[in-house]
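Read off the chains here:
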Amino acid sequence: MFPVNTYVIWDNTKEAVIIDAGCFYEDEQNQLKDYIYQNGLKVKHLLNTHLHLDHIFGNSFAVKEFGVNPEACKEDEFLLPKTTEYCKMFGVRLNEYPPAIGNHLEEGDEITFGETTLKAIHVPGHSPGSLVYYSEKDACAFCGDVLFKGSIGRTDLDGGSFGQLRDSIKSKLFILPDNTYMYPGHGGPTTIGNEKMDNPFFR
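In this text, all values refer to a predicted model and were calculated from it rather than measured experimentally.

Chemist: I'd like to hear about the sheet that holds strand S12 (residues 181-184), residue by residue, with values.
Modeler: Across a sheet, paired strands are connected by hydrogen bonds in the backbone, their directions being either parallel or antiparallel. In spatial order, the strands read S6-S7-S8-S9-S12-S13; together these 6 strands make up an open sheet with mixed pairing. Strands with a single pairing partner mark the edges of an open sheet, and in this sheet they are strand S6 (110-113) and strand S13 (190-191). Pairing geometry for S12 and S13, over 2 bridges, is antiparallel. Across the sheet, residue Met182 finds its bridge partner in S13, namely Thr190.

Structure (structure tokens):
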């Protein structure tokens, strides 16, 4: 339906976070569940980069299965009551209304699990509350629909702004080391250095 990258991040302590549980169908939910249980993982956080429908389809499942509540930026919370409306727009029948946000995250917040820390970076423009989760130690970030390989997120949805997105990428992400790997919500990874050099939106 909507090919979304769902990430499970974990370290040698077996503590883990799920980022953007986009699993809509039962087989997708089972794939996520099997991966976590087969690796003996303990889910400590359920993170959302933003609250567009395709990134939250699996939140209800994850809440019930792993006992964690969604964490996201408060500035995106207005999108939750509109999920049913957006589903109709895309011809999707919503299985279950998305759960409320259990913990609000903002710029500079740190999400810890095991021996790992992710820092929340607020990068608005695709949505008002878009967050990027950055691991300085591992030189990588999970950027949702903010930045893609050779592109940026769409800005024609509620609360989107092309100018704001472009400016916030330049001021918040392009200051990261060039070797930082960026893992987006759709498509394959890229690096900050590659996007500074080749992304047509920044020439």
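Chemist: A description of the packing of aromatic side chains should follow, citing residues and the corresponding values.
Modeler: On inspection of all chains with the given rule, the structure shows 10 aromatic pairs. Aromatic side chains Phe174 and Phe202 sit 4.8 Å apart centroid to centroid with 65 degrees between the ring planes, which places their arrangement in the edge-to-face category. Highlighted residues: Phe174 in the loop between helix H5 (162-173) and S12 and Phe202 in the segment after helix H6 (192-198), separated in sequence by 28 residues. Residue classification places Phe202 among the buried positions, given a relative accessible area of 14%. Taken together, the aromatic side chains of Tyr7, Phe142, Tyr181 and Tyr183 make up a single cluster linked through ring pairs.

About the criteria used
Residues numbered from 1 in each chain as written. Predicted model: local features only at pLDDT ≥ 70, side-chain atom pairs only at ≥ 80, totals over all residues. Heavy atoms only, no water. Pairing = 2+ DSSP bridges. Helix = DSSP H or I, 4+ residues; strand = E, 2+ residues; numbered from the N terminus. Phe/Tyr/Trp six-rings, centres within 6.5 Å; stacked < 30°, edge-to-face > 60°. Buried < 20%, exposed > 50% of the residue type's maximum accessible area, 1.4 Å probe, protein only.

It is worth stressing that arrangement in space is one thing and function is another; only the former is reported here.
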